[in-house]
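Structural description and commentary
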Number of protein chains: 2
Amino acid sequence: MRPPDPRTVRSRDAALASARELLVEQGLAGLTHGAVAMRSGISRATLYRLWPEPTDLVRATITWHIARAQSPPTGDLRADLLTELTGTRAMLHQPASEQAMRVLIERAAVDPKFAEVKESLYRSGTRVVRSILADAVTRGDLPPDLDVDLAVDQLHGPLFFRRLVAHRSFDLDYVHAVVDDFLRCRSTKTPHQQGPS
Amino acid sequence: MRPPDPRTVRSRDAALASARELLVEQGLAGLTHGAVAMRSGISRATLYRLWPEPTDLVRATITWHIARAQSPPTGDLRADLLTELTGTRAMLHQPASEQAMRVLIERAAVDPKFAEVKESLYRSGTRVVRSILADAVTRGDLPPDLDVDLAVDQLHGPLFFRRLVAHRSFDLDYVHAVVDDFLRCRSTKTPHQQGPS
């Protein structure tokens, strides 16, 4: 398979950078092919070729936005989980990304295209935490029978519930409390081995 | 203070019963003063006197709906938590209540009246779980330093996250897994004292 055309890669990156700016400034409503064309200088024709449907553009933008926010894990379970969930906290407290999440939650049940975007964002958004947990199991830092799927929900669930359902903001102390309480019950290391908490 | 007029109580109950039917059948969009008047036979004038704003009617209906679904706790921590969260699961899988929740999540950030409804529903919806946890602490079945606020998020969060964010349905086994994992780390009873799991 031939490598991607460098011009296409540059167009795509420039478009996604602009799309992300628009998303952050204006939320989902600002994320249209026309607005991205105007902001990035990439032609509408190119944009429609890359992302035929509006939901394709939404998915690509948010996936790119999430990927840029994710840092490579270090292998320190607690630090890595805190990094990821601190990013989740930031997303839930930045007005445009928070509102985009709320809109996606509402639209997903009535519009199959939005449901697809949502599921794909859920997978890409939780990908790094899953790999952190799986690697920790491999290293023996977490029990071999850990239910990784459930663990993903137990780490993200309280943050999303507090912000989107309880309608309360929360700070980094809360993120620490969620992670530390999760590890307290499951870490195979004794507390003094876990490092400062 | 005089007791409420029995006729007002009857009107209110009849109206809320009809409102709940409409909510279950049609979601939030079906819950209007006009529709409730037609269904219940209670006059619009009475309904507007009881609930001046549409959001007042929404709040009253859902609070009533939640209260009717809640059973008095028995004092058996695990059984009581399972009862409550099984009800939460049912709410998240009944199309109209699930969609109402999604709409409330989306509207709450842009409409202060919906935010108020949401916060009040969060409080009434989690009231019984909070009291179950607080009573368990009093009895010594949970540690005295339990963060009840966090515990509410840890019990509800995974269910809401899986259904509304991950866009996945879940069954009673999942509810059991969430409750049992929560108790595993915190119950002051040894596993054989906790009863069958």
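Details of the structure are given in the entry above.
A brief look at the structure comes next. All values derive from a computational prediction rather than experimental measurement. (Residues numbered from 1 in each chain as written. Chains lettered and ligands numbered in written order. Predicted model: local features only at pLDDT ≥ 70, side-chain atom pairs only at ≥ 80, totals over all residues. Heavy atoms only, no water.)

**Comments concerning empty space enclosed by the protein**
One pass over the structure, following the stated rule, counts 2 cavities of 30 Å³ or more. Here the largest cavity defines a volume of roughly 150 Å³. As for the largest cavity, its lining consists of 13 residues, of which Gln154 and Arg186 of chain A together with Gln154, Asp181 and Arg186 of chain B are closest to the centre. Residue assignment for the lining of the largest cavity shows that the elements contributing at least two residues are helix H9 (172–186) of chain A together with helix H8 (148–165) and helix H9 (172–186) of chain B. A breakdown of the residues in the lining of the largest cavity according to their chemical character gives 7 nonpolar, 2 polar and 4 charged. Each pocket or cavity is described by its volume, and for the second largest cavity that value is around 50 Å³. Lining the second largest cavity we find Ile105, Gly157, Phe160, Phe161, Leu164 and Val165 of chain A together with Ile105, Gly157, Phe160, Phe161, Leu164 and Val165 of chain B. Elements supplying a minimum of two residues to the lining of the second largest cavity: helix H8 (148–165) of chain A together with H8 of chain B. In terms of residue class, the lining of the second largest cavity is made up of 10 nonpolar, 2 polar and no charged. (1 Å grid on protein atoms, 1.4 Å probe; cavity = no way out; pocket = protein on both sides within 12 Å on 5 of 7 lines; lining within 4 Å. Points joined across faces, edges and corners; volume = space filled by probe spheres on them. Helix = DSSP H or I, 4+ residues; strand = E, 2+ residues; numbered from the N terminus. Nonpolar A, V, L, I, M, F, W, Y, C, P; charged D, E, K, R; others polar.)

**Topic: the side chain of Thr61 of chain A**
Looking at the secondary structure, you find Thr61 of chain A in helix H4 (residues 54–69). For Thr61 of chain A, the residues in contact, after removing those within four places along its chain, are Leu16, Ala19, Arg20, Leu23 and Leu31 of chain A. (Contact = heavy atoms within 4.5 Å.)

**Description of the relation of the copies chain B and chain A**
At an RMSD of 0.0 Å, chain B and chain A line up after a rotation of 180 degrees and a shift of 0.0 Å along the axis. Read as a symmetry element, the transformation amounts to a two-fold axis. Minimal C-alpha distance to the rotation axis in chain B is attained by Gly157 of chain B, lying at 2.0 Å. Most of the interface of chain B is mirrored in chain A: 100% of its interface residues are interface residues there too. (Least-squares fit on C-alpha atoms with pLDDT ≥ 70 in both.)

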